[in-house]
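A closer look at the structure
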Amino acid sequence: MEEDAVTDPGTPAPPHRLMDIVSGLWAAKALAVATRMDLFSDLSAAPGLPVAEVAARHGIAERPAELLLTACAGLGLLVREDEGYANTPEAETYLVRGRPEYFGDAVLSFDHRYAGWMRLDEAVAGNVPTNFDPRAKESMFDAQDALLKKTYWSSMYALSAPSARALAEVLGLGGVRRLLDVGGGAAAYDIELCRRYPDLRATVLDLPFVCELTRERVEEAGLGDRISLTPGDFLRDAALPTGHDAVLLSQIMHNWDEPTNRAILHKCHAALPPGGLIVISELLVDDTKDGPLLPALMSLHMLVSTWGQNYTPSEYERWLTETGFTNVRTVRFSAPGADGAVVGVKG
């Protein structure tokens, strides 16, 4: 009688997980192309749209239309409905243009930066960004970059708004009356926090062209009387605006190296009154530097995009303490743009 095959408990399972990793870019590009086509908006307006109609609307052949729709269904973003496809609740909420939680600009912004990832070997070998030419400019934050102006700041809003709401759940800011948002970009944190705290007023400090892009969003939120926009450069300006009892650095520190971040913290310390609060909201790499996956990969994204990386709570805590902040602690939450905040008080 033939014996059953015995599996060596030390033998790894088939490399399905490795195949999932390898095909990750396929999924990302499928989502980006569908978003660029505004496919999810089409299917929101006409659920069950047949493949032939999708192809006709976008001037493409039925074969690629069917393959893209099938891929999006496989990703859990579409479902079959009669002879066509319809959005899942996730796609309907986040991928339909005009929805309050629209995430499409974030998808397109990251897609624009895959070019740098295709040169990751160069970034690793040379310790230089590959998403821009460091010989031509200091950073990717270029006022002349039309695509950056079109999608980057709105993509940051999509990432930051849920992070701001999650932060407010775990960190009470009811005692804060004047908040300085350093590098506040599209003002997502300020809008969400002002909605949560009726007595809060905020100042967004950012580059002049960013302030102009953000002004309309603040007015649309009906918060023009509570959120002010102050043009400035927190790297080059000698000092930050004073008159605030809290300073927020939301998804800022990961763009820069340690010496630059320490200089920013010194300016924050000088701008705050005694007892003033500092909040650093970021994706945090574990102190053991073995994960979590998203902060670790975002840190690698910083290698190809900036001179920074994602840091650990211990690193932020050490910098804050050495700058003169006390009662430093870390609070955790779950959001796509940040998963925690390191908080300190000016002694």
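Further up the page is the structure itself.
1. Quick look at the packing of helix 2 (residues 24-36) against helix 5 (residues 62-74)
At a closest axis distance of 10 Å, the pairing of helix 2 and helix 5 adopts a crossing angle of 115°. Classified by chirality, the crossing of helix 5 by helix 2 is left-handed. Facing helix 2, whose interface residues are Ala-30, Val-33 and Ala-34, helix 5 presents Leu-68, Ala-71 and Cys-72. Its residues placed into classes, the contact of helix 2 with helix 5 shows six nonpolar, no polar and no charged.

2. A closer look at the pattern of salt bridges
Evaluation of the coordinates by the stated rule reveals 18 salt bridges. For Arg-99, the salt bridge identified is with Glu-92, shortest N-O distance 2.4 Å. Among the charged side chains, a salt-bridge network with shared partners connects Glu-101, Arg-165, Glu-192 and Arg-195.

3. What to know about helix 4 (residues 51-58)
Among the residues making up helix 4, those that are buried are Val-51, Val-54 and Ala-55. Seen along its axis, helix 4 keeps its buried residues to an arc of 100°; they face one direction. Against helix 3 (39-45), strand 1 (49-50), helix 5 and strand 3 (84-87) lie the buried residues of helix 4. Directly after helix 4, the chain includes Gly-59, whose backbone phi takes a positive value near 65°.

4. Brief notes about the sheet that holds strand 2 (residues 78-81)
The strands making up a sheet are joined through hydrogen bonds of the backbone, oriented either antiparallel or parallel. If you trace the three strands from one edge of the open sheet to the other, you get 1-3-2, paired in antiparallel fashion. The outermost strands of the open sheet, each flanked by one partner alone, are strand 1 and strand 2.

5. Details of the pairing of strand 2
As paired elements, strand 2 and strand 3 share four bridges and run antiparallel to each other. Bridging across to strand 3, Val-79 finds its partner in Ala-86. Linking strand 2 back to strand 3 in an antiparallel pair, the connection comprises two residues, with Asp-82 at a positive phi of about 55°.

6. Comments concerning unusual backbone geometry
Across the junction of Gly-291 and Pro-292, the peptide omega takes the value -10°, indicating a cis bond. A positive phi is found at Asp-82, a non-glycine position, where the angle reads about 55°. Note that Asp-82 resides in the loop between strand 2 and strand 3. Taking relative accessible area as the criterion, Asp-82 reaches 72% and is therefore assigned exposed. We note that Asn-327 has phi near 50°; this positive angle belongs to a residue other than glycine. Residue placement: Asn-327 occurs in strand 9 (residues 325-332).

What counts, and where the lines are drawn
- Residues numbered from 1 in each chain as written.
- Predicted model: local features only at pLDDT ≥ 70, side-chain atom pairs only at ≥ 80, totals over all residues.
- Heavy atoms only, no water.
- Axes fitted to C-alpha atoms, helices over the stretch in contact; angles between N-to-C directions.
- Helix = DSSP H or I, 4+ residues; strand = E, 2+ residues; numbered from the N terminus.
- Left-handed = near helix turned anticlockwise from the far one by under 90°.
- Contact = heavy atoms within 4.5 Å.
- Nonpolar A, V, L, I, M, F, W, Y, C, P; charged D, E, K, R; others polar.
- Salt bridge = Lys/Arg side-chain N within 4 Å of Asp/Glu carboxyl O.
- Buried < 20%, exposed > 50% of the residue type's maximum accessible area, 1.4 Å probe, protein only.
- Arc of directions from axis to C-beta.
- Pairing = 2+ DSSP bridges.

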